[in-house]
Amino acid sequence: MLKKLVVPLWSGLFFLMMILSCKSVEVRQYSDRNFTYDPEADALTFDGLWGYVMNGRESEFSTQIPLSDVLYFIAPITTLSEVRQPVPREKYFSDFSGKVHIVSSCDSTSQAHLLLDPSLPLRKKIISGLIQATESYDGLQIDWEYIPAKDADNFHSFLREVKKGLGNKILSVAVKARLRTIKDDVFNYKTIGEIADKVVVMSYDEHWSTSKPGPVASNEWVRKITEYTLTQIPQEKIIIGISFYGRTWYEDSIGSKAWYSGSLQRIISENGIDNIQRDADGIPHFTHRHKVTVTGYYDDIPSLYKRCKMLADMGIGNLAFWRIGFEDVNFWQHLAIDESLLAEPPDHSEDIAYAQK
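The text that follows walks through the structure, step by step, so that each part is easy to find.

How each quantity is defined
- Residues numbered from 1 in each chain as written.
- Predicted model: local features only at pLDDT ≥ 70, side-chain atom pairs only at ≥ 80, totals over all residues.
- Heavy atoms only, no water.
- Buried < 20%, exposed > 50% of the residue type's maximum accessible area, 1.4 Å probe, protein only.
- Helix = DSSP H or I, 4+ residues; strand = E, 2+ residues; numbered from the N terminus.
- Pairing = 2+ DSSP bridges.
- Right-handed = clockwise from strand over helix to strand, strands pointing away.
- Phe/Tyr/Trp six-rings, centres within 6.5 Å; stacked < 30°, edge-to-face > 60°.
- Expected span 1.5 Å × (residues − 1).
- Polar contact = N/O pair within 3.5 Å; in protein donor to acceptor, adjacent residues only side chain to side chain.
- Axes fitted to C-alpha atoms, helices over the stretch in contact; angles between N-to-C directions.
- Contact = heavy atoms within 4.5 Å.
- Parallel < 35°, antiparallel > 145°, perpendicular 65-115°, else oblique.
- Left-handed = near helix turned anticlockwise from the far one by under 90°.
- Nonpolar A, V, L, I, M, F, W, Y, C, P; charged D, E, K, R; others polar.
- Patch = residues over 30% accessible without salt bridge, like charges linked within 9 Å, V, L, I, M, F, W, Y side chains within 5 Å.
- Areas by Shrake-Rupley, 256 points an atom, 1.4 Å probe, with all protein chains shown as cover.
- Salt bridge = Lys/Arg side-chain N within 4 Å of Asp/Glu carboxyl O.

Let's talk about the pairing of strand 7 (residues 198-202)
Side-chain positions along a regular strand alternate between the two faces of the sheet.
Point 1. For strand 7, a buried count of five out of five residues is recorded, marking the element as mostly surrounded by other parts of the structure.
Point 2. By the alternation rule, side chains of strand 7 split into Lys198, Val200 and Met202 and Val199 and Val201, which are all buried.
Point 3. In this structure, strand 6 (residues 170-176) lies alongside strand 7, joined through five bridges in parallel fashion. Pairing of Ala174 across the sheet is with Val200, part of strand 7.
Point 4. Assessed by its sense of winding, the connection that carries the chain from strand 6 through helix 7 (residues 189-195) to strand 7 is right-handed.
Point 5. Direction of pairing for strand 7 relative to strand 8 (residues 238-243): parallel, over a ladder of four bridges. Looking at the pairing, Met202 lines up with Gly241 of strand 8.
Point 6. Once you follow strand 7 into helix 8 (residues 219-232) and on to strand 8, the crossover reads as right-handed.

Structural data, given as structure tokens:
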């Protein structure tokens, strides 16, 4: 889930100031787009609100954020195939009354293949390290996104072993967005939904860095993903992931590329470049300025509110946000947690019985 490119939200903040100072103008503007947003509307209430916090970015977390669960993203599996053990929960989350889950990632396809192979000793080593990492935490999330297709069965059996080792702690799994069932899918919703306590559906990256420009997640796309998810996973286990980041694209035929000599001569000729210089070794180089058109898509408070309301209307009780620190902090005033649910301890008896089979 490491989404690195973020568009600054200064324009969203400016627009929010306009909303607060002139509500009638804002509502009219959005009504023209079939979207009426009332900044004074009651907060949307959910069963659970989950937020990702990055290792090294703990200062961006605040107990003032209405979260039921923190997903603490620790360092990925190391190149030596070891689980880097996190600091005790009390160091950063002692004042947080909700649950805190460790999030594990593996950023190499070849490494994931080796770690999931049940015939190799690495698998047991990793499972033991993951369980040890949760010692002072409430649960574990597996967010391994680079798994070869042929390792689907190994991944699913891996999850079952992890679940058994966790005992009564919560196992959640992050899965890629799907609109339909895919044959031999590593992230088969139905199978993973039977194993895990919670499943986070990463409903973002509809458009990505190398695609054509477009929303990170359009509402219609998220709606279709959610409709499909509801047919595959028990509703109470579903967590729909929402992104706080944006992306930019630029139209540039030159950019950071490697060129044939003839192509470089064409660029020099077409742009009238006449400032060719040579370094001490006689290697030529030049500098040329040209205009670039930048297109950016991002979410602000009104668009995020609309998406969250759509999901609430569809019966989704839990949301997960990637990630804390990316957002406009004023967004949180529009969300709330059903306080009556926080006082009830989770019942894992059925999960424990399943894991012991």
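Here the narrative resumes, following the displayed structure.
Here's the deal with the packing of aromatic side chains
Point 1. In total, this model carries 20 aromatic pairs according to the counting rule given.
Point 2. Ring centres of Tyr72 and Tyr92 lie 6.4 Å apart, and the angle between their planes is 65°; on these two criteria the pair is classed as edge-to-face. With Tyr72 in strand 3 (residues 69-73) and Tyr92 in helix 3 (residues 90-93), the pair connects residues that are 20 residues apart, well separated along the chain.
Point 3. Of the residues examined, Tyr72 reaches a relative accessible area of 2% and is grouped as buried.
Point 4. With 5.2 Å between their ring centres and 75° between their planes, Tyr72 and Phe93 make a pair best called edge-to-face. Of this pair, Tyr72 sits in strand 3 while Phe93 is found in helix 3, placing the two residues 21 residues apart along the sequence. Assigned by exposure class, Tyr72 and Phe93 land together as buried.
Point 5. Aromatic ring contacts, followed pair by pair, group Phe61, Tyr72, Tyr92, Phe93, Phe96 and Tyr137 into a single cluster.

A closer look at helix 10 (residues 301-313)
An α-helical segment advances 3.6 residues per turn. Residues three or four places apart therefore align on the same side.
Point 1. For helix 10, which comprises 13 residues, the first-to-last C-alpha distance of 18 Å matches the rise-based estimate of 18 Å (1.5 Å per residue) to within 8%.
Point 2. When we look at burial in helix 10, the residues that qualify are Ile301, Pro302, Ser303, Leu304, Tyr305, Arg307, Cys308, Met310 and Leu311.
Point 3. Where helix 10 terminates, the next one or two residues include Gly315, which has phi positive at roughly 90°.

Considerations on the environment of Asp328
Point 1. Positionally, Asp328 belongs in the loop between strand 13 (318-322) and strand 14 (335-337).
Point 2. A relative accessible area of 11% places Asp328 in the buried class.
Point 3. Through-space distance from the C-alpha of Asp328 to that of Asp300 is 7.5 Å; in sequence the pair is 28 residues apart.
Point 4. A polar contact is formed between the side chain of Asp328 and the backbone nitrogen of Asn330, at a distance of 2.9 Å.

Side note on unusual backbone geometry
Leave glycine aside and you will find that most residues have negative phi; peptide bonds, for their part, are mostly trans.
Point 1. The omega torsion of the bond from Trp322 to Arg323 falls at -15°, within 30 degrees of zero and hence cis.
Point 2. Positive phi values are uncommon outside glycine, yet Asp184 reaches one of about 55°.
Point 3. In this structure, Asp205 takes a positive phi of about 75° despite not being glycine.
Point 4. Its place among the elements puts Asp205 in the loop between strand 7 and helix 8.

Some words on the sheet that holds strand 4 (residues 99-104)
Point 1. If you walk around this closed barrel you meet the eight strands as 2-3-4-5-6-7-8-13, and the pairing is parallel. Mean inter-strand twist for the sheet, computed between neighbouring axes without regard to direction, equals 25°.
Point 2. Lying on the sheet, helix 10 is in contact with strand 8 and strand 13; it crosses strand 8 at an angle near 170°.

So, the packing of helix 5 (residues 121-133) against helix 6 (residues 152-166)
Point 1. Orientation of helix 5 relative to helix 6, taken along the N-to-C sense of each, is 40°, at an axis distance of 10 Å. With respect to each other, helix 5 and helix 6 are oriented oblique. When you trace helix 5 past helix 6, the crossing you get is right-handed. Note on element contacts: helix 6 touches helix 5 through Asn154, Ser157, Phe158, Glu161, Val162, Gly165 and Leu166, opposite Arg123, Ile126, Ile127, Leu130 and Ile131.
Point 2. The residue makeup of the contact of helix 5 with helix 6, split by class, is seven nonpolar, three polar and two charged.

Structural notes on a nonpolar patch on the surface
Point 1. A surface patch of nonpolar side chains, amounting to about 300 Å² of accessible area, comprises Tyr250, Val292 and Val294.
Point 2. Looking at the element boundaries, Val292 is found in the loop between strand 11 (284-285) and strand 12 (293-297).
Point 3. Residue classification places Val292 among the partly exposed positions, given a relative accessible area of 36%.

A few points about the pairing of strand 2 (residues 48-54)
Point 1. Within strand 2, seven of the seven residues are buried, which leaves it mostly tucked inside the rest of the structure.
Point 2. A two-sided burial pattern is seen for strand 2, the buried positions comprising Gly48, Trp50, Tyr52 and Met54 on one face and Leu49, Gly51 and Val53 on the other.
Point 3. Relative to strand 13, strand 2 is paired through four bridges, and the arrangement is parallel. Bridge pairing links Gly51 to Phe321 in strand 13.
Point 4. The sheet contact formed by strand 2 and strand 3 spans five bridges and is parallel. Counterpart to Trp50 in the pairing with strand 3 is Asp69.

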